[in-house]
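An overview of the molecular structure
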2 protein chains.
Amino acid sequence: MTIYGGIEAGGTKFVCAVGSELGEIQREVRFPTTSPDACIRSSIEFLQSAQKECGPLAGVGIASFGPLDPNPASPMFGYITTTPKKGWAHTDLVGPIRNALGVPVGFDTDVNGAAMGEYRWGAARGLDTFVYITIGTGIGGGAMVNGSLVHGLLHPEMGHVLVSHDRVEDPFDGICPYHGDCLEGLASGPAIELRWKDKAEHLAPEHPAWELEAKYLARGIVPQIYILSPQRILLGGGVMEQQHLFPKVRRHVRDILNGYIQAAAILDDIDQYILPPGLGNRAGVLGAIALAQLAVGSL
Amino acid sequence: MTIYGGIEAGGTKFVCAVGSELGEIQREVRFPTTSPDACIRSSIEFLQSAQKECGPLAGVGIASFGPLDPNPASPMFGYITTTPKKGWAHTDLVGPIRNALGVPVGFDTDVNGAAMGEYRWGAARGLDTFVYITIGTGIGGGAMVNGSLVHGLLHPEMGHVLVSHDRVEDPFDGICPYHGDCLEGLASGPAIELRWKDKAEHLAPEHPAWELEAKYLARGIVPQIYILSPQRILLGGGVMEQQHLFPKVRRHVRDILNGYIQAAAILDDIDQYILPPGLGNRAGVLGAIALAQLAVGSL
């Protein structure tokens, strides 16, 4: 059995794990995201001590918040780049970990990592073109097309698509510092909280907040259907823990498409088309382990 | 030198050609799109007579209007599916051509074909992730990600993304039979004509039509940047023959992004990021020849 290390580098917490090529996690640790130095040091200590117990690591994968540089040919590969998160702009994550562990290190966005985890062991097994969207503190998405993760110019930034915003129905301005009322500005957890003056998880399923939320999410999802033609759409993150959102989102997606995409997956079987992640809140760290496999060329 | 056949099957005309693996066209014919039987027969006659003069074809590629089924594993592979175009729904294009010519036949959307042509010989050489959008009678797009064309569930239908529509600024309802004011409904050639009661090509560059058009196109392009992260965006089709549209579209794209995507290609060099196709109006038929190469496994 081959053993890999995975680091899910989130804006509020780090999750580090050691697991097998089957996605079985053998050791795991979580700690809050403080300074880059402290987080990198804790990650290295965990991985070094875990490999004493579990055997040598073949590689490490890092699935990180961004924006970041995932291009192995770039001089800034492995860096978080222009994040507004204090102290974290221009942080080299890959370099110190590769130096300390001496193995190949894979690096991608948290959401591309989660997509890779879902592809290997979750709700996207057997597909080759799909999206994974997380709706929580922010909104972001990862995507796989024809079996490989989407990077292109940088990496997808799906949370910032503009969505139609009727200010009579919803006078809330939105909270995105760049765009105001983009999808993240209108539909992220903090947007819900600020609009309704209450935490999202305190709002009852029949609260009008949710119908509005589902409408915005559908408006953000439909362009993905038109542009990427995904075989499935996975919606994760804290906001989607409200399971009652799924049928609402599916209904609005169908309403907006209005029969244009003649595919049975949408017309007849949308309950299996828009789904929660199969790995739940472990998609991130398992995705990091899958990125490690990818980095050592065993995927 | 290997010789391929290419068929650009458009809603108003067919273009058939025979050309080399270098994209050099040796014979070409154009005829109006009448009935499926007549168009297929004319295509076969042209290809059979051209190969008598130019040598045997290694394969044929068809880049067609859609919606269509481009999945070789599907029983409906090679068919135009649910088009509203009279007489053309459920038309098998690949079958009769493969039977008559006895060679592999590649099949994809006209816009994926054009993207492949631009990748081989045009303005997308050296890239692996980009989009090709045509703005004419309709609006459609093809895309390549990591060097392969995007299909997924069906194929991209980029023209139908919803764009924000201020009815005070623009009371025009839009003309899409499915969505009213989606991008195609607001910004296609026929939409321009109906809104301004004049043909697009008769409107002077300083006419307010063009600023509005550029704004809608930018609203349709920006989601593609967020979702696909393309390294370049090619805009073709009859409407984009108005060259003055390019700087207007670039300006609106930058305005909407508002500095969020920290990539030099957009921040410093957008004149090389949003471009006309390198192959001009031959992208379609050259793309069909590239699809033939793909079908015989020589790409």
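In this numbering scheme, every chain counts its residues from 1 along its sequence in written order. By the order in which they are written, chains take letters starting at A while ligands take numbers starting at 1. Since the coordinates come from a predicted model, pLDDT governs what is reported: local features require at least 70, and pairs of side-chain atoms require 80 or more to be given and counted, while whole-chain, interface and lining totals use all residues. With hydrogens and water excluded, all non-hydrogen atoms of the structure serve as input to the side-chain values.

**Observations concerning the relation of the copies chain A and chain B**
Under the fitted operation, chain A is carried onto chain B by 0.0 Å of movement along the axis and a turn of 180°, and the coordinates agree to an RMSD of 0.0 Å. The superposition of one copy onto the other is thereby described by a two-fold rotation axis. In terms of proximity to the rotation axis, the leading residue of chain A is A:Ser164, whose C-alpha is 2.6 Å off the axis. Fitting of the copies onto one another was done by least squares over C-alpha atoms, counting residues only where both copies have pLDDT of at least 70.

**Things to note about the interface of chain A and chain B**
Any two residues whose heavy atoms approach within 4.5 Å are treated as being in contact. If you look at the interface, chain A gives 39 residues, while chain B gives 39 residues. Using a 1.4 Å probe, buried area is obtained as the accessible area two parts lose upon being combined, added over both of them. Of the roughly 3,600 Å² buried where chain A meets chain B, counting both sides, 67% is carbon and sulfur surface. Broken down residue by residue, the surface that chain A buries against chain B is led by A:Leu153, A:Ile227 and A:Tyr260, which jointly contribute 22%. What makes a salt bridge here is a side-chain nitrogen of Lys or Arg within 4 Å of a carboxyl oxygen of Asp or Glu, nothing more. In this structure, the connection of chain A to chain B is made through zero salt bridges. Pairs of N or O atoms are called polar contacts if they sit within 3.5 Å, as long as, within protein, a hydrogen donor faces a hydrogen acceptor (for residues adjacent in sequence, only side-chain-to-side-chain pairs). Connecting chain A to chain B are 24 residue pairs in polar contact (both at pLDDT 80 or more). Only DSSP runs of H or I reaching four residues or more are called helices, and only runs of E reaching two or more are called strands; each is numbered from the N terminus. Within the residue set of the side of chain A that touches chain B, elements represented by two or more residues are β10 (148–149), α6 (208–228), α7 (245–257) and α8 (264–267) of chain A. Of the residues forming the side of chain A that touches chain B, the biggest block, five residues, is contributed by α6(A).

**Let's talk about the pattern of salt bridges**
In total, this model carries 20 salt bridges over all chains according to the counting rule given. Here the salt bridges do not stand alone but share partners, grouping A:Glu28, A:Arg30 and A:Arg282 into one network.

**A short note on helix α2 (residues 94–101) of chain B**
All names here are of chain B. With a 1.4 Å probe rolled over the protein chains alone, any residue whose accessible area is under 20% of its type maximum counts as buried; one over 50% counts as exposed, and the rest are partly exposed. Every buried residue of α2 is listed here: Val94, Gly95, Ile97 and Leu101. Looking at the buried positions of α2, the neighbouring elements they touch are β1 (3–9), α1 (36–54), β4 (57–64), β6 (91–92) and β7 (105–109). Directly after α2, the chain includes Gly102, whose backbone phi takes a positive value near 70°.

**Some points on the side chain of A:Asp69**
All names here are of chain A. If you trace the backbone, Asp69 turns up in the loop between β4 (57–64) and β5 (79–80). One buried charged residue, Asp69, forms no salt bridge at all, with the nearest opposite charge on Arg98 at 12 Å. Leave out the neighbours within four places in its chain, and Asp69 touches Ser74, Met76, Phe77, Gly78, Tyr79, Thr81 and Phe107. Here Asp and Glu are counted as negative and Lys and Arg as positive; His is not counted, and neither are the chain ends.

**Points about helix α5 (residues 189–196) of chain B**
Residues and elements named next belong to chain B. Restricting attention to buried positions, one finds in α5 the residues Gly189, Ala191, Ile192 and Arg195. When α5 is viewed along its axis, its buried side chains cluster within an angular range of 165° and face the same direction. Of the surrounding elements, those touching the buried residues of α5 are α4 (183–187) and α6 (208–228). Looking one or two residues beyond α5, the residue adopting positive phi is Lys197, at roughly 55°. The directions considered for the arc are those from the helix axis to the C-beta atoms.

**Notes on the environment of B:Ile270**
Residues and elements named next belong to chain B. Its location among the elements puts Ile270 in the loop between α8 (264–267) and β12 (274–275). Residue Ile270 is classed as buried on the basis of its relative accessible area of 7%. A C-alpha to C-alpha distance of 9.2 Å links Ile270 and Arg232, two positions 38 residues apart in sequence. What Ile270 contacts, discounting residues up to four positions off in sequence, is Arg250, Val253, Arg254 and Ala265.

**Observations concerning the pairing of strand β2 (residues 13–20) of chain A**
Every regular strand shows the same layout, with side chains that alternate between the two sheet faces. All names here are of chain A. Buried residues dominate β2, accounting for seven of its eight residues. For strand β1 (residues 3–9) and β2, the ladder comprises seven bridges, and the chain directions are antiparallel. If you follow Ile7 over to β2, its bridge partner there is Cys16. By definition, two strands form a pair when at least two bridges between them are found by DSSP. Where β1 folds back on β2, the antiparallel hairpin that results is connected by three residues. One ladder, built from seven bridges, connects β2 with strand β3 (residues 25–32); its direction is antiparallel. Residue Cys16 lies in a different strand from β3, and its bridge partner there is Val29. If you look at the hairpin formed by β2 and β3, you'll find four residues sitting between the two strands, and Gly23 has a positive phi there, around 80°.

**Side note on the sheet that holds strand β9 (residues 139–145) of chain B**
Strand order in the open sheet made by the five strands is β10-β9-β8-β11-β12 (chain B), with mixed pairing throughout. Of all strands in the sheet, those with a lone pairing partner are β10 (148–149) and β12 of chain B, marking the two edges.

**Some points on empty space enclosed by the protein**
Over the atoms, a rolling probe the size of a water molecule traces out where space has been left empty. A 1.4 Å probe that fits into a set of points on a 1 Å grid over the protein atoms alone but cannot get out defines a cavity; an open set with protein on both sides within 12 Å along at least five of seven lines defines a pocket, and lining residues are those with an atom within 4 Å of a point. Grid points are joined across faces, edges and corners, and a volume is the space filled by probe spheres set on the points. What the rule picks out here adds up to four cavities of 30 Å³ or more. Of the volumes computed, that of the largest cavity is approximately 180 Å³. Lining the largest cavity we find 14 residues, and of these A:Leu162, A:Val163, B:Leu162, B:Val163 and B:Ser164 sit closest to its centre. Elements that contribute at least two residues to the lining of the largest cavity include exactly α6 of chain A together with α6 of chain B. In the lining of the largest cavity, the residues fall into 10 nonpolar, two polar and two charged. Volume-wise, the second largest cavity comes out at about 60 Å³. Every residue along the wall of the second largest cavity is listed here: A:Ile133, A:Ile135, A:Ile139, A:Leu183, A:Leu217, A:Gly220, A:Ile221, A:Gln224 and A:Leu235. With four residues, α6(A) is the largest single contributor of residues to the lining of the second largest cavity. Side-chain classes follow a simple rule in which Ala, Val, Leu, Ile, Met, Phe, Trp, Tyr, Cys and Pro form the nonpolar group, Asp, Glu, Lys and Arg form the charged group, and the remainder, Gly included, forms the polar group.

**A few points about the nonpolar core**
By nonpolar core is meant a set of buried Ala, Val, Leu, Ile, Met, Phe, Trp, Tyr and Cys residues that side-chain atoms within 4.5 Å join together. Residues A:Leu235, A:Val253, B:Leu235 and B:Val253 are the most contacted members of the largest nonpolar core, which totals 96 residues. Among residues more than four places away in sequence, those in contact with B:Val253 are B:Ala218, B:Ile221, B:Val222, B:Ile225, B:Ile270 and B:Ile274.

**Concerning the confidence of the model for chain A**
pLDDT is a per-residue confidence score from the predictor, ranging from 0 to 100. Overall, the predicted model of chain A reaches an average pLDDT of 96, with 100% of residues at or above 70. Of the two predicted TM-score estimates for the complex, the pTM is 0.94 and the ipTM is 0.93.

**Considering unusual backbone geometry**
Following A:Gly66, the chain continues into A:Pro67 via a peptide bond in cis, with omega recorded as 5°. With respect to the helices, strands and loops of the structure, A:Pro67 is situated in the loop between β4 and β5.

**As for the packing of aromatic side chains**
In this description, a pair of aromatic rings is defined by centroid distance and the angle of the planes. Two rings from Phe, Tyr or Trp (for Trp, the six-membered ring) form a pair when their centres sit within 6.5 Å of each other. Planes less than 30 degrees apart are called stacked, planes more than 60 degrees apart edge-to-face, and all others tilted. Evaluation of the coordinates by the stated rule reveals 12 aromatic pairs over all chains. Arranged with centres 5.5 Å apart and planes meeting at 20°, the rings of B:Phe14 and B:Phe31 form a pair that is stacked. Here B:Phe14, found in strand β2 (residues 13–20), pairs with B:Phe31, found in strand β3 (residues 25–32); they are 17 residues apart in sequence, far enough to count as distant. For the pair shown, B:Phe14 and B:Phe31 are each scored as buried. Grouping aromatic residues by their ring pairs yields a cluster made of A:Phe14, A:Phe31, A:Phe65 and A:Trp88.

**Structural notes on the environment of A:Arg167**
Residues and elements named next belong to chain A. Tracing the sequence through the fold places Arg167 in the loop between β10 and α4 (183–187). Considering only alpha carbons, one finds Arg167 and Phe46, 121 residues apart in sequence, at a separation of 49 Å. Residues in contact with Arg167, not counting those within four places in the same chain, are Phe172, Asp173 and Asp181.

**Some thoughts on the sheet that holds β10(A)**
All names here are of chain A. If you walk across this open sheet you meet the five strands as β10-β9-β8-β11-β12, and the pairing is mixed. Unpaired on one side and paired on the other, β10 and β12 (274–275) mark the two borders of the sheet. Of the strand pairs in this sheet, strand β9 (residues 139–145) and β10 are connected by two bridges, and their pairing is antiparallel. Looking at β10, one finds that Met144 is bridged to Leu149. As a rule, the C-alpha atoms of each element are fitted with a line to give its axis, helices using only the stretch in contact, and angles between N-to-C directions run from 0 to 180 degrees. On top of the sheet, α6 reaches β8 (130–135), β9 and β11 (232–236); it is set at about 155° to β8, its chief contact.

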